[in-house]
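# Observations on the model geometry
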Amino acid sequence: MGGRSLRHRNNPESGFTIVELMLVLVLIVILVKMFVPHYDRGAITKHEIYSTAHDLGADLRYARRLSVGGGVAGNTNKVYYLKFYTVGSATDTWRIYEDGDEANPIKSVTVLNGVRLFSTDTPSIYFDSAGSPGAAVGGKIDVFDEDDLYRWSVSVVKNTGKVELHEIH
């Protein structure tokens, strides 16, 4: 009996075969591919353009809300505006100001590298105490990537000051 149990322990069929190990590895790779997110450069760029356009829209609404609500200090005689700097370069920026105080912006945003802004209209968008943009203000700002694969349009309706965002295909 003692010899029989010794022979059973040394049986070469009691381990894993190379085929079984390969099958387990293939299953692990399949599960990893299914559950680990895969981001390519295009998806990241698309999200950067989307988020920049929506941030710009939110900041335009914020400047409008400051004008309607009396601003930071509650002074209803102040006008608030959003101003663009170096539109179309690698350092596109926008800032929100209280009228007459360009030395102290309320908010300043510099876009990510690879994101561009383009506006054919005014470089500044003013809002009055009723929330309407200035008479010469309106139009749209395009937000796009360097390769122009993804583009969003942020527009301010001239009469109402409503901020609209549209993806351009």
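Note that this is a predicted model, so its numbers are computed, not measured. (Residues numbered from 1 in each chain as written. Predicted model: local features only at pLDDT ≥ 70, side-chain atom pairs only at ≥ 80, totals over all residues. Heavy atoms only, no water.)

### Some words on the sheet that holds strand 2 (residues 93-98)
Under the convention used in this document: For two strands to count as paired, DSSP must find a minimum of two bridges between them. A helix here means a DSSP run of H or I that spans at least four residues, while a strand means a run of E at least two residues long, and both kinds are numbered starting from the N terminus. Structural elements are reduced to axes, namely lines fitted to C-alpha atoms, with helices fitted over the stretch in contact, and the angle between N-to-C directions of any two is expressed from 0 to 180 degrees.
Overall, antiparallel pairing links the four strands, which are arranged 3-2-1-5 in an open sheet. Taken across any chain shown, the strands that pair with only one partner, and hence form the sheet edges, are strand 3 (107-110) and strand 5 (124-127). Across the sheet, the axes of successive neighbouring strands diverge by a mean angle of 10 degrees, strand direction being ignored. Strand direction decides the pairing type here: strand 1 (residues 80-85) and strand 2, joined by six bridges, are antiparallel. Looking at the pairing, phenylalanine 84 lines up with tryptophan 94 of strand 2.

### Re the pairing of strand 8 (residues 163-168)
One ladder, built from six bridges, connects strand 7 (residues 151-156) with strand 8; its direction is antiparallel. Residue pairing in the sheet places serine 155 in a bridge with glutamate 164 of strand 8. Counting the residues that bridge the hairpin from strand 7 to strand 8 gives six residues, and of these glycine 161 lies at a positive phi of roughly 85 degrees.

### Structural notes on the environment of threonine 160
Our working rule: Classification of residues uses two cut-offs on accessible area relative to the type maximum, computed with a 1.4 Å probe and protein chains only: under 20% is buried, over 50% is exposed, and between them is partly exposed. Only heavy atoms matter for contacts: two residues are in contact if any of them lie within 4.5 Å across the pair. Polar contact is the term for a pair of N or O atoms within 3.5 Å; when the atoms are in protein, one must be able to donate a hydrogen and the other to accept it, and sequence-neighboring residues count only if both atoms are side-chain atoms.
Tracing the chain through its elements places threonine 160 in the loop between strand 7 and strand 8. A relative accessible area of 41% places threonine 160 in the partly exposed class. When the C-alpha atoms of threonine 160 and proline 133 are compared, they prove to be 7.2 Å apart, with 27 residues separating the residues in sequence. Not counting residues up to four positions away in its chain, the partners in contact with threonine 160 are Arg64, Gly131, Ser132 and Pro133. In this structure the side chain of threonine 160 is engaged in a polar contact, spanning 3.2 Å, whose partner is the backbone nitrogen of lysine 162.

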